[in-house]
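Residues per chain, in single letters:
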Amino acid sequence: MKRHHEVIVVGGGVIGCAVAYELSKRSVKVLLIDKSLPGRATSASAGGLWPLGEAVGLGCGVIYHAAAADAGEQGSADPSHPEALPEAFREFLVQSNARFPKLSEELRARSGVDIEYQPGAGLLFAIYNESDLAFVEQVARSMPAEARLDRLSAEEVGRLEPQLTRDLLGGALLAGEHQVNPMALAEAFKRAAMQLGTEFRHHVQVTALRRQGQRMLGVETADGFLPCGWVVNAAGAWAGPLAATAGLSIPVFPVRGQIVLTESLPRVLNSCLSTSSCYLSQKEHGEVLIGSTTERVGFDVSVTEDAIRSLCQGACRAVPMLRHVNVKRVWAGLRPGTPDELPILGPMAGLEGYINAAGGFRTGIVAAPLTGRVVAQAVIGEPTDVSLHPFSAARFSRQSLAGQGASHREGA
């Protein structure tokens, strides 16, 4: 069977485009396929680069776990506040984030696209009450020795963020947490990959993966079968159903995030702001992005009045002057969630020619540079910069077996 492409990357979001770029830098013949389905996770991201913030739970994780607690999905003593993510993933995010300054210039030179990499005051978590305060103390204990979480009084918060409400106990500041434009980042990766030889086919939907025994052969589309040496599953929230067409099980599910964008404003925020009900980030052209809900509603990408109202109320509580500001746009995107909030990266045991680049959830933007690199390394057989073992799909089988073992021991 003639193979026209060495690698087919399924999914043109930021992760798929990053993988295509890193492969094309290594002179691999790549086909990038994208259907542009409504709700891609890249469009649901604020573009905040919060590697430590997300790893220790100060970013979107606060909102995610609060929503899960409301739905009765958590069993911890204080389920509205998340635990820190594993150290291996924290280091992954930190390493990936460190690539952005150089990557920004590299992508601009290759693609002509400015990813709007912006340094700022950092990520500020607003402490409204004693529960928030206890959470910050928990976060401080999980911080790596080389990092610093500054606890600020209400007066210090006011000096840093004059527009912030004075109805606070204080704040917690992580310096060095920056932001990019997520849509520009995906476009820059894509254009740079194409400049290096990647073929891009848009409005083409992969309907199934084709395998024969322990070998992946290629992908099925409405226009026919496309053979290749490797398939990279970077299909975002659709990665699970796509894998299932080849009899593979990866637990990726859609998590809807609804977003509000204001009209352009003079400088309102110096930092990215996180609260227990929303986050706020002022973009390069002055709009304030307010996000984001975390809803398990399948592939529904509609926006709801209740969610938009709740986000706006949370934003106005934090920054009262926003009560007098017009909304420019609202939308929803689908983040690719996983049960443990970690990505699923790497090959599947016993199957040749297939690799996952899925499950980025709320850290997909900051993780994109390193994800693209290590997946490309794995495809061509280079040693990966970081071990993919903690992110393998096999961990879910191991967890299941461990749970069964515990049940048997309890029964004995």
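Everything below is about the structure shown above.
If you're wondering where the values come from, they're calculated on a predicted model, not measured in any experiment. (Residues numbered from 1 in each chain as written. Predicted model: local features only at pLDDT ≥ 70, side-chain atom pairs only at ≥ 80, totals over all residues. Heavy atoms only, no water.)

## Describing the overall build of the protein chain
Step number 1: Helix and strand counts for the protein chain come out as 12 helices and 18 strands.
Step number 2: The buried share of the protein chain, reckoned over its 412 residues, is 57%.
Step number 3: Counted over contacts in the protein chain with a minimum sequence separation of 6, partners at least 24 positions apart contribute 74%.
Step number 4: As displayed, the protein chain offers around 16,800 Å² of accessible surface, 51% of which is attributable to carbon and sulfur atoms. (Helix = DSSP H or I, 4+ residues; strand = E, 2+ residues; numbered from the N terminus. Buried < 20%, exposed > 50% of the residue type's maximum accessible area, 1.4 Å probe, protein only. Contact = heavy atoms within 4.5 Å. Areas by Shrake-Rupley, 256 points an atom, 1.4 Å probe, with all protein chains shown as cover.)

## Focus: the packing of helix H5 (residues 100–111) against helix H8 (residues 182–195)
Step number 1: The interhelical angle for the contact between H5 and H8, taken along N-to-C directions, is 55°, at an axis separation of 9 Å. In terms of their interaxial angle, H5 and H8 are classed as oblique. Note on packing geometry: the crossing formed by H5 with H8 is left-handed. Residues Phe100, Leu103, Leu107, Arg110 and Ser111 of H5 form the contact with H8, whose participating residues are Leu185, Ala188, Phe189, Arg191, Ala192 and Gln195. (Axes fitted to C-alpha atoms, helices over the stretch in contact; angles between N-to-C directions. Parallel < 35°, antiparallel > 145°, perpendicular 65-115°, else oblique. Left-handed = near helix turned anticlockwise from the far one by under 90°.)

## A closer look at the packing of aromatic side chains
Step number 1: Enumeration over the complete set of coordinates arrives at 7 aromatic pairs.
Step number 2: Here Phe89 and Phe92 contribute two aromatic rings whose centre-to-centre distance is 6.1 Å and whose plane-to-plane angle is 35°, an arrangement assigned as tilted. Within this pair, Phe89 and its partner Phe92 are both found in helix H4 (residues 87–97), separated by 3 residues, close to a single helical turn.
Step number 3: Under the relative-accessibility criterion, Phe92 is labelled buried at 1%.
Step number 4: An aromatic cluster is defined as three or more aromatic residues linked by ring pairs; in this entry it consists of Phe89, Phe92 and Phe391.
Step number 5: Its end group placed over the ring of Phe225, Arg210 keeps NZ or CZ at 3.7 Å from the ring centre.
Step number 6: The residue whose ring lies beneath Arg296 is Phe253, and the NZ or CZ to ring-centre distance is 3.7 Å. (Phe/Tyr/Trp six-rings, centres within 6.5 Å; stacked < 30°, edge-to-face > 60°. Lys NZ or Arg CZ within 6 Å of the ring centre and 35° of its normal.)

## Overview of the environment of Trp230
Step number 1: Structurally, the position occupied by Trp230 is in strand E11 (residues 224–233).
Step number 2: Overall, the relative accessible area of 24% leaves Trp230 in the partly exposed class.
Step number 3: Considering only alpha carbons, one finds Trp230 and Val30, 200 residues apart in sequence, at a separation of 9.6 Å.
Step number 4: Leaving out residues up to four positions away in the same chain, Trp230 has contacts with Glu6, Val7, Ile8, Arg215, Gly353, Tyr354, Ile355 and Val379.

## Topic: the nonpolar core
Step number 1: Counting residues in each nonpolar core, the largest one holds 36 residues, and the members touching the most others are Val9, Leu23, Leu107, Leu185, Phe189 and Val232.
Step number 2: Elements represented by at least two residues in this core include exactly strand E1 (5–10), helix H1 (14–25), strand E2 (30–34), H5, H8, strand E18 (354–358) and helix H11 (364–380).
Step number 3: Dropping the residues within four chain positions of it, Phe189 is found in contact with Val14, Cys17, Ala18, Tyr21, Leu103, Leu107, Ala368 and Pro369.
Step number 4: If you look at the next biggest cluster of nonpolar residues, it comprises 27 residues, including Val204, Val231, Leu242 and Ile344. (Core = buried A, V, L, I, M, F, W, Y, C linked by side-chain atoms within 4.5 Å.)

## A closer look at the pattern of salt bridges
A pair can form between side chains of opposite charge whenever their charged atoms are brought close.
Step number 1: Using the criterion set out here, one finds 22 salt bridges in the structure.
Step number 2: For Asp306, the salt bridge is made with Arg309, and the minimal N-O distance between the two is 3.3 Å. Taken together, the positions of Asp306 and Arg309, both in helix H10 (residues 305–318) and 3 residues apart, correspond to about one turn of that helix.
Step number 3: Arg362 is paired through a salt bridge with Glu341; the nearest N and O atoms lie 2.3 Å apart. (Salt bridge = Lys/Arg side-chain N within 4 Å of Asp/Glu carboxyl O.)

## Details of H8
Step number 1: Taking 1.5 Å of rise per residue, 14 residues should cover 20 Å, and H8 covers 20 Å from first to last C-alpha, within 8% of that figure.
Step number 2: What H8 keeps buried is the set Pro182, Ala184, Leu185, Ala186, Ala188, Phe189, Lys190, Ala192 and Ala193.
Step number 3: In this fold, the buried residues of H8 make contact with H1, E2, H5, strand E8 (199–202) and H11.
Step number 4: Sitting at the amino-terminal end of H8 is Asn181, which places a side-chain oxygen 3.0 Å from the backbone nitrogen of Met183. (Expected span 1.5 Å × (residues − 1). Polar contact = N/O pair within 3.5 Å; in protein donor to acceptor, adjacent residues only side chain to side chain.)

## Thoughts on the pairing of strand E12 (residues 253–262)
Step number 1: The element E12 is largely enclosed, with a buried count of 10 among its 10 residues.
Step number 2: Here E12 shows a buried face lined by Phe253, Val255, Gly257, Ile259 and Leu261 and a second buried face lined by Pro254, Arg256, Gln258, Val260 and Thr262.

## A closer look at a nonpolar patch on the surface
Step number 1: A cluster of nonpolar side chains, namely Val303, Val327 and Val330, defines an oily patch on the protein surface of about 210 Å² accessible area.
Step number 2: Looking at the element boundaries, Val303 is found in the loop between strand E15 (288–291) and H10.
Step number 3: Of the residues examined, Val303 reaches a relative accessible area of 38% and is grouped as partly exposed. (Patch = residues over 30% accessible without salt bridge, like charges linked within 9 Å, V, L, I, M, F, W, Y side chains within 5 Å.)

## Considerations on the packing of H4 against H11
Step number 1: Running from N to C, H4 and H11 point in directions that differ by 95°, and their axes come no closer than 7 Å. The orientation of H4 relative to H11 falls into the category roughly perpendicular. In this structure, H4 uses Phe92, Leu93, Gln95, Ser96 and Asn97 to contact H11, whose residues at the interface are Val366, Ala367, Ala368, Pro369, Leu370, Thr371 and Val374.
Step number 2: Each residue belonging to the contact of H4 with H11 can be placed in one class, and the counts come to 8 nonpolar, 4 polar and no charged. (Nonpolar A, V, L, I, M, F, W, Y, C, P; charged D, E, K, R; others polar.)

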